[in-house]
Amino acid sequence: AQKVTQAQTEISVVEKEDVTLDCVYETRDTTYYLFWYKQPPSGELVFLIRRNSFDEQNEISGRYSWNFQKSTSSFNFTITASQVVDSAVYFCALSGWSGGSYIPTFGRGTSLIVHP
Amino acid sequence: GAGVSQSPRYKVAKRGQDVALRCDPISGHVSLFWYQQALGQGPEFLTYFQNEAQLDKSGLPSDRFFAERPEGSVSTLKIQRTQQEDSAVYLCASSWDRSNNEQFFGPGTRLTVL
């Protein structure tokens with residue numbers, strides 16, 4: 001069984017603050033994939049990043065960065081200098097092998113509100 | 001280019017009615033997923049297709065739920081004898097290759113069962 005925990009239900013920040021969204025996962029698989037998706041108010045989930053379990057290199061993409069640590073089973077997401085347009089619900093997901101396919105499990109999401 | 005489309009966007013059904021939800025994936029995408037998203041929750045996996053083959057349906061909550069993708073492109077999720085607890089947003093997603101790749105999501109169908 002696999003599980004994804006996003007303990008932060010809602011985070012409220014003021015524009016230009018840095019913010020970190022936590023994601024902790026559980027799996028017995030040695031090969032698995034981690035994802036972050038953004039769900040803006042319009043409702044459509046948008047892919048942000050995919051990481052496989054053998055690649056622990058941190059990644060930076062503009063104001064976004066991700067910290068993957070297998071030792072603590074965490075895959076945290078940091079937004080630097082947040083902007084109002086970053087307001088959305090962010091989901092962390094884990095895809096593990098199940099009966100012949102990789103089946104994703106999503107966390108409950110963290111709602112980020114960025115105030116001007 | 002066209003993304004994943006779903007229809008209808010909103011559906012209101014009376015308890016006991018059957019409903020059919022349609023998903024048009026991105027052309028050429030091999031994998032297709034259906035999810036159920038309750039208010040304030042993350043998407044919950046329902047079923048997965050690779051081309052026309054339904055490889056996993058372990059997430060379907062009951063035998064009232066049925067999905068098909070007969071020609072490996074458009075997919076339909078059917079719910080028979082709808083119940084109030086079926087009220088949710090139903091999301092469809094596709095990916096170009098295997099099930100471990102990034103997924104492209106549609107806007108969802110919001111189903112309300114009265």
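Rules used in this analysis
Residues numbered from 1 in each chain as written. Chains lettered and ligands numbered in written order. Predicted model: local features only at pLDDT ≥ 70, side-chain atom pairs only at ≥ 80, totals over all residues. Heavy atoms only, no water. Helix = DSSP H or I, 4+ residues; strand = E, 2+ residues; numbered from the N terminus. Rg over C-alpha atoms; globule rule 2.2 N^0.38 Å. Buried < 20%, exposed > 50% of the residue type's maximum accessible area, 1.4 Å probe, protein only. Areas by Shrake-Rupley, 256 points an atom, 1.4 Å probe, with all protein chains shown as cover. Lys, Arg positive; Asp, Glu negative; His and termini not counted. Charge placed at Lys NZ, Arg CZ, Asp CG, Glu CD. Contact = heavy atoms within 4.5 Å. Buried area = accessible area lost by both parts, 1.4 Å probe. Polar contact = N/O pair within 3.5 Å; in protein donor to acceptor, adjacent residues only side chain to side chain. Nonpolar A, V, L, I, M, F, W, Y, C, P; charged D, E, K, R; others polar. Core = buried A, V, L, I, M, F, W, Y, C linked by side-chain atoms within 4.5 Å. Pairing = 2+ DSSP bridges. Axes fitted to C-alpha atoms, helices over the stretch in contact; angles between N-to-C directions. Disulfide = S-S within 2.5 Å.

**Q** Could you clarify how one ought to interpret the overall build of chain A in this entry?
**A** Within chain A one finds zero helices and 12 strands. Each helix (α) and strand (β) of chain A, taken in turn from the N terminus, gives the series β-β-β-β-β-β-β-β-β-β-β-β. Against the compact-globule benchmark of 13 Å for 116 residues, chain A has a radius of gyration of 14 Å, which places it among compact chains. Within the span of chain A, comprising 116 residues, buried residues form 46% of the whole. Carbon and sulfur atoms provide 49% of the accessible area of chain A, an area that totals close to 5,700 Å². Each charge sign in chain A was given a centre, from 9 positive and 12 negative side chains, and these centres are 4 Å apart.

**Q** Which parts of the structure should I look at to understand the interface of chain B and chain A?
**A** Frequently, the measure chosen for interface size is the accessible area removed from exposure when the parts meet. On the chain A side, the residues contacting the 20 residues of chain B number 18 residues. Buried surface at the junction of chain B and chain A, summed over both partners, amounts to about 1,700 Å²; 50% is from carbon and sulfur atoms. Looking at the side of chain B facing chain A, the largest losses of area belong to N100, E102 and F105 of chain B, adding up to 32% of the total buried there. Seen at the junction of chain B and chain A, the total is three residue pairs in polar contact (both at pLDDT 80 or more). Elements represented by at least two residues in the side of chain B that touches chain A include exactly strand 4 (31–37), strand 5 (44–50) and strand 6 (53–56) of chain B. Residues belonging to the side of chain B that touches chain A are distributed by class as follows: nine nonpolar, nine polar and two charged.

**Q** Where do I start with the nonpolar core in this structure?
**A** The tendency in soluble globular proteins is for nonpolar side chains to be buried as a group. Judged by nonpolar contacts, the single largest core of 23 residues is most densely connected at W36, F77, Y90 and L112 of chain A. Elements supplying a minimum of two residues to this core: strand 2 (10–14), strand 3 (19–21), strand 5 (32–39), strand 8 (64–69), strand 9 (74–79), strand 10 (88–98) and strand 12 (110–115) of chain A. Element by element, the count of residues in this core is highest for strand 10 of chain A, at four residues. In this structure, A13, I26, F49 and Y90 of chain B belong to the second largest nonpolar core, which totals 20 residues.

**Q** What should I look at first to understand the environment of Q36 of chain B in this one?
**A** Residue and element names in this part refer to chain B. Positionally, Q36 belongs in strand 4. A residue is classified by how much of its surface remains accessible, and Q36, at 19% relative accessible area, is buried. Sequence separation of Q36 and G59 is 23 residues, and the distance between their C-alpha atoms is 9.3 Å. Dropping the residues within four chain positions of it, Q36 is found in contact with G42, P43, E44, L46, F65, D86, A88, V89 and Y90. Within the local environment of Q36, its side chain forms a polar contact with the side chain of Y90, the two groups lying 2.9 Å apart.

**Q** Can you walk me through the side chain of T78 of chain A in this structure?
**A** Residue and element names in this part refer to chain A. Tracing the backbone through its elements, the reader meets T78 in strand 9. Within polar-contact distance, the side chain of T78 engages the side chain of T20 at 2.8 Å. Setting aside residues up to four positions removed in sequence, T78 forms contacts with V19, T20, R63, Y64 and S65.

**Q** I'm lost on the sheet that holds strand 3 (residues 19–24) of chain B in this one. Help?
**A** Two pairing modes exist for strands in a sheet, parallel and antiparallel, and in both the strands are linked by backbone hydrogen bonds. All names here are of chain B. Taken in spatial order, the four strands line up as 1-3-8-7 in an open sheet, and their pairing is antiparallel. Of all strands in the sheet, those bounded by a partner on one side alone are strand 1 (5–7) and strand 7 (65–68). Looking at each pair of strands side by side, their axes are set apart by 15° on average, direction ignored. In the sheet, strand 7 pairs with strand 8 (residues 75–79) via four bridges, with the strands oriented antiparallel. In the sheet register, A67 faces strand 8, and the bridge partner there is L77.

**Q** Quick question: what am I supposed to make of the pairing of strand 8 of chain B here?
**A** As a general feature of sheets, a regular strand has side chains that alternate between the two faces. All names here are of chain B. Across the five residues that make up strand 8, a large majority, four, are buried. In this structure, strand 3 lies alongside strand 8, joined through five bridges in antiparallel fashion. What sits directly across from C23, in strand 8, is S75. The loop that links strand 7 with its antiparallel partner strand 8 comprises six residues; one of these, G72, has a positive phi angle of about 75°.

**Q** Which parts of the structure should I look at to understand the state of the cysteines?
**A** The term disulfide refers to a covalent linkage connecting the sulfur atoms of a pair of cysteines. On inspection of all chains with the given rule, the structure shows two disulfides over all chains. C23 of chain A shares a disulfide with C92 of chain A; S-S distance 2.0 Å. One quick way to see it: the torsion about the S-S bond of C23 of chain A and C92 of chain A is about -65°, and its sign makes the bridge left-handed. Separated by 69 residues along the polypeptide, C23 of chain A in the loop between strand 3 and strand 4 (24–26) and C92 of chain A in strand 10 bring together distant segments of the chain. Paired through a disulfide, C23 of chain B and C92 of chain B show a sulfur-sulfur distance of 1.8 Å. Handedness here is read from the sign of the S-S torsion; for C23 of chain B and C92 of chain B, about -65°, the answer is left-handed. One end of the pair, C23 of chain B, is in strand 3; the other, C92 of chain B, is in strand 9 (residues 88–95), and 69 residues separate them in sequence. Look at C92 of chain B and you get buried, because its relative accessible area is 0%.

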